Amino acid sequence: MSLHRADPRWSSPILFENRLGFYCQGLDRVCPIQATVCLDYGAEYESISTAEGMPFFTIEQTTRERIAWPDEAIEQALPAVRTRLDPFLSQRATSWTIVSGLPCQAMERFAAEKNYRWIGPPFALAQWLNHKPNLFSGLRELGLPVMNGCWRPLPQLTYEELRNSIAARFVAQLPVGAAGSGTAFIDTRQDYLDACLRFGDQPVWITPNLGPLSLNVNAVTLQDAVYVSWPSVQLVGLAGLGATPGQYCGNDFAAAEDLESSIVEEARRQTLCVGEWLSGLGFQGLFGLDFVVEQTSGMLYVVDLNPRWQGSTHLQIQSEQDAGRIPLIAAYLLARLGEIGNTWLANQADLFFQPITVSQMILRWNLGAQGKVNGELEPGVYSSSVFQRLHGGLRMDEIIGSQQIIVTGAVPSAGWKLRCGASLHRLYSRRRAISANWLALEPWTQLPITSCLHSLDITLLNGKP
């Protein structure tokens, strides 16, 4: 079965909404995406619009300021661009399908107002699922392992009490958080004091730090089935990428091939169980799970449920296409539109779980103050060994071999301001980026990272580099 965006099974053009606009890449090859509503904007977006005939309706194009957009900020996107979006939609077509990667009340209501078909995470249920106590309760119902821990405000217990009762190294998490925004890794008394200042009297989930290995999985649930894709090793808190401890900074699907097969299969088993639980709650669509792997036993624990599009999803889609497969997300959309049936999907279940050998690194700005971009970094395909731009290209099928990388991910242009925690851009590769001990980046990554930062020439707004 082949699929292309011009396939007649797509009954109407698609308006795609997500936090980051470049997430449309990959999906736009197989789905008729004709416009994207998002928060960010980058140097490559104009070329994407020209090549695909698909405009971006976005906030950053006007503000020219990159911030660490939280998922809930998607509610700002539609109101900010609606005066431009409405005439575009009415001129292009009378019927649209809106595909939203995030729960968004504003877009859900807009679809109802316009009588457009809407496919996305149901807002109220997604909010409930985002609350970790609800997730842990569900895991216990399913008989899946839950980490030992307690819900307490950190200041109620001293650092010594926590070391004695939890572990010498422990983690504190808010009930709701994304990309590490609500997580603190506590190895020292100073870490504990910083976390107390950060979280205050809010209850946090306090658990042992089981080790550096974290896995991420994308999956889809429908009314009668769950489909799981190949996991990635998460890049978290890597100083070489400018990330703070616990901050999400990429995914390494290629490194997952080095894991014990029992770990990979256990991730699949637990994801299937959670997907069936979600289906029973009435949730249909894309979801993701974050696991931590206990270093000593290899046991997997679910620590986060993401009822939405994830940072790894777009790269998975591109890699599935590169391998000549229909992306899981595209198959899900066709199933929701009633264009493919259960038998076909069931026959693809193992194919959706085939290995993907790519990685992505996300460079972060975390120097504690606003920065300003003074230089220009041109998106495209580069040689990783000498960091020389070879040609334009923003997708995995446009690079050859393991020595080429892609610079993309909404690259900021000269004059853009950067808020603390914001992402700068992403580097895609066909080789693993994380070392075998999961604690550091592979040596080959250093030249591209430093070269990118040199090209951007970022200074603090007070003038210091």
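Up top is the structure these notes are about.
Please read all numbers here as calculations on a predicted model, not as lab measurements. (Residues numbered from 1 in each chain as written. Predicted model: local features only at pLDDT ≥ 70, side-chain atom pairs only at ≥ 80, totals over all residues. Heavy atoms only, no water.)

S.K.: Sorry, what's going on with the packing of aromatic side chains here?
M.R.: Aromatic rings in a pair are described by how distant their centres are and how their planes are angled relative to each other. Under the defined criterion, the tally for this structure stands at 17 aromatic pairs. Ring geometry for F136 versus W205: centroids 5.0 Å apart, planes at 40°, classification tilted. With F136 in helix α7 (residues 132-142) and W205 in strand β10 (residues 203-208), the pair connects residues that are 69 residues apart, well separated along the chain. Exposure class is identical for F136 and W205. Each is buried. Ring geometry for Y227 against F352: centres 6.0 Å apart, planes inclined by 80°, an arrangement best described as edge-to-face. Residue Y227 is located in strand β12 (residues 226-228), and its partner F352 is located in helix α13 (residues 342-352); the two are separated by 125 residues in the primary sequence. Against the face of F353 rests R268, its NZ or CZ located 4.3 Å from the ring centre. (Phe/Tyr/Trp six-rings, centres within 6.5 Å; stacked < 30°, edge-to-face > 60°. Helix = DSSP H or I, 4+ residues; strand = E, 2+ residues; numbered from the N terminus. Buried < 20%, exposed > 50% of the residue type's maximum accessible area, 1.4 Å probe, protein only. Lys NZ or Arg CZ within 6 Å of the ring centre and 35° of its normal.)

S.K.: Just checking my understanding: could you explain the packing of helix α12 (residues 328-336) against α13 for this structure?
M.R.: Helix packing geometry: the angle between the two helix axes and the distance between the axes. The interhelical angle for the contact between α12 and α13, taken along N-to-C directions, is 165°, at an axis separation of 11 Å. By the angle between their axes, α12 is roughly antiparallel relative to α13. Crossing angle aside, the handedness with which α12 passes α13 is left-handed. Within the contact between the two elements, α12 uses L328, A331 and A335 and α13 uses W344, L345 and F352. Tallied by class, residues from the contact of α12 with α13 come to six nonpolar, no polar and no charged. (Axes fitted to C-alpha atoms, helices over the stretch in contact; angles between N-to-C directions. Parallel < 35°, antiparallel > 145°, perpendicular 65-115°, else oblique. Left-handed = near helix turned anticlockwise from the far one by under 90°. Contact = heavy atoms within 4.5 Å. Nonpolar A, V, L, I, M, F, W, Y, C, P; charged D, E, K, R; others polar.)

S.K.: How do you make sense of the nonpolar core when you look at a structure like this?
M.R.: One recurring pattern in soluble globular proteins: nonpolar side chains tend to sit buried together. One finds L27 and L215 to be the most contacted residues of the largest nonpolar core, which totals 112 residues. With eight residues, the top contributor of residues to this core is α12. Setting aside residues no more than four positions away along its own chain, L27 makes contact with F16, I33, W309, I317, I329, A330 and L333. I59, L78, F88 and A106 belong to the second-largest nonpolar core, a separate cluster that totals 26 residues. (Core = buried A, V, L, I, M, F, W, Y, C linked by side-chain atoms within 4.5 Å.)

S.K.: Would you mind going over the sheet that holds strand β8 (residues 170-173) with me for this structure?
M.R.: Each strand in a sheet pairs with another by means of backbone hydrogen bonds, the pair being arranged parallel or else antiparallel. Strands sit in the order β7-β10-β8-β9 across an open sheet of four strands; the sheet is antiparallel. The open sheet has two free edges, formed respectively by β7 (150-153) and β9 (183-186), since each of these has just one partner strand. Direction aside, neighbouring strands of the sheet carry axes that sit 30° apart on average. Bridge count between β7 and β10: four bridges; the pairing is antiparallel. Bridge pairing in β10 links W151 to W205. Set on the sheet, α7 makes contact with β7, β8 and β10; between it and β7 the angle comes to about 165°. (Pairing = 2+ DSSP bridges.)

S.K.: Would you mind showing me how to read helix α11 (residues 313-322) here?
M.R.: An α-helix turns once every 3.6 residues. As a result, residues three or four positions apart point the same way. Burial analysis of α11 places eight of its 10 residues in the buried class, which makes it a mostly covered element. Listing the buried residues of α11 in full gives T313, H314, L315, Q316, I317, Q318, S319 and E320. Where α11 ends, the next residue or the one after it, G324, has phi of about 80°, a positive value.

S.K.: Would you mind showing me how to read the pairing of β10 here?
M.R.: Across a regular strand the side chains alternate sides, sitting on one face of the sheet and then on the other. With five of its six residues buried, β10 lies for the most part within the structure. Across four bridges, β8 lies against β10 in antiparallel orientation. Bridge pairing in β10 places V171 opposite T207.

S.K.: Please explain the sheet that holds strand β24 (residues 458-460) as it appears in this structure.
M.R.: Strand order in the open sheet made by the four strands is β4-β22-β18-β24, with mixed pairing throughout. A single partner strand is all that each edge strand has here, and the edge strands are β4 (65-66) and β24. In the sheet, strand β18 (residues 371-373) pairs with β24 via three bridges, with the strands oriented antiparallel. Residue pairing for β24: G371 is matched across the bridge by L460.

S.K.: Help me understand unusual backbone geometry in this model?
M.R.: Peptide bonds are, in most cases, trans, and in most cases residues other than glycine have a negative phi. Positioned with a positive phi, R64 is a non-glycine residue whose angle comes to about 55°. Tracing the sequence through the fold places R64 in the loop between α3 (60-63) and β4. Since its relative accessible area comes to 37%, R64 is described here as partly exposed. Phi at N115 takes a positive value of approximately 60°, unusual for a residue other than glycine. Examined against the element boundaries, N115 turns out to sit in the loop between α5 (105-114) and β6 (117-119).

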